[in-house]
Structures are given as C-alpha cells and as structure tokens.
Amino acid sequence: MDFEMVLAASNILLGSRALTQTELRDTLAFLSSGLSATMQAAVYDQISIPYNSYTPLSKPKPLLSQLREMSLCIANNEKITFTYLSSHPDEPKPLKHHAQPVALFF
C-alpha cells in the first residue's frame, strides 16, 4: 500500500475518535503492514502525537463489527430497526425508527 494512503487513512481514523483504543491500534497496524519497515516507522513518527493523545468519543463501543453488520444490511437492501435518544428536550424516552440504510457517513 502506498505511504500517503496509509498516512491519510491513519489520520482520518485518529481524527474520527470513533474506534476503541484496541480497534485503533489493530487497524493502524493492519494498514501499515504492507509497507516496508522504514515506511512503517515513518508513518508512526508522523502520527505519534495524535496517536499518543487519542481519546475515543465518550462511552466508546467496538465499532468495526457494527460497521461490518451495517455494510451487510446495505449490500442486502435490508431494513433495520434502531432506537435513539432525541435531541429535543420534550422527548425524554428512547425513540424507535425503521429504515433501510444506503450508505455509511462519518
């Protein structure tokens, strides 16, 4: 894999703050595994500050398996049901929603 691609993807993952520490570590290792040892070291040198100060979003949950499941739903045109909390103060209880996802957005 190209150095710039690995560096870009690594920075996007770090900036998202969406992965748990373990998922981030494993994904970064996977991304750089196709690079030479010298290029791997260069990537880690360039991402060391954001990596060492990485703080996942509050209450992080493993995301990679959820992304896989959602991708399967999209590929199979499946509808899903999910619950969420509204941002409106007059909706204090969880709401249920039915939808057919067509893409993942970050």
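Located above this text is the structure these notes cover.
Residues numbered from 1 in each chain as written. Predicted model: local features only at pLDDT ≥ 70, side-chain atom pairs only at ≥ 80, totals over all residues. Heavy atoms only, no water.

(A) Molecular detail of the overall build of the protein chain. When its secondary structure is counted, the protein chain shows four helices and two strands. Over its C-alpha atoms the protein chain spans a radius of gyration of 17 Å, topping by over 25% the 13 Å that the globule rule assigns to 106 residues. Overall, the protein chain is about 55 × 35 × 20 Å in size when its C-alpha atoms are taken along their principal axes. Expressed as a percentage of the 106 residues in the protein chain, the buried residues total 23%. Contacts in the protein chain between residues far apart in sequence, at least 24 positions, make up 57% of those at least 6 positions apart. If you sum the accessible surface of the protein chain, you get close to 7800 Å²; carbon and sulfur atoms cover 60% of it. (Helix = DSSP H or I, 4+ residues; strand = E, 2+ residues; numbered from the N terminus. Rg over C-alpha atoms; globule rule 2.2 N^0.38 Å. Buried < 20%, exposed > 50% of the residue type's maximum accessible area, 1.4 Å probe, protein only. Contact = heavy atoms within 4.5 Å. Areas by Shrake-Rupley, 256 points an atom, 1.4 Å probe, with all protein chains shown as cover.)

(B) Layout of the pattern of salt bridges. The full count for this structure, using the stated rule, is one salt bridge. Across the pair Asp26 and Arg25 runs a salt bridge, and its minimum N-O distance is 3.1 Å. Residue class for Asp26 comes out partly exposed when judged on its relative accessible area of 42%. Under the relative-accessibility criterion, Arg25 is labelled partly exposed at 43%. (Salt bridge = Lys/Arg side-chain N within 4 Å of Asp/Glu carboxyl O.)

(C) Representation of helix H1 (residues 3-16) in the model. Counted at 1.5 Å a residue, the expected span for H1 with its 14 residues is 20 Å, and the 20 Å between its end C-alpha atoms agrees. For H1, the full list of buried residues reads Phe3, Val6, Leu7, Ser10, Leu13 and Leu14. For H1, the buried positions fall inside an angular range of 130 degrees around the axis, keeping them on one side. In H1, the exposed positions that point more than 90 degrees away from the buried face belong to Glu4, Met5, Ile12 and Gly15. Structurally, H1 contributes buried residues whose contacts are with helix H2 (21-32) and helix H3 (37-52). The N-terminus of H1 is capped by Asp2, whose side-chain oxygen sits 3.2 Å from the backbone nitrogen of Glu4. Positive phi appears at Arg17, one or two residues downstream of H1, with a value of about 55 degrees. (Expected span 1.5 Å × (residues − 1). Arc of directions from axis to C-beta. Polar contact = N/O pair within 3.5 Å; in protein donor to acceptor, adjacent residues only side chain to side chain.)

(D) Region of interest: unusual backbone geometry. At Arg17, a position not held by glycine, the phi torsion is positive, near 55 degrees. Topologically, Arg17 is positioned in the loop between H1 and H2. Arg17 sits in the partly exposed class, given a relative accessible area of 36%. The phi torsion at Asn77 lies on the positive side, around 55 degrees, for a residue other than glycine.

All quantities given are derived from atomic positions and should not be read as evidence of function.
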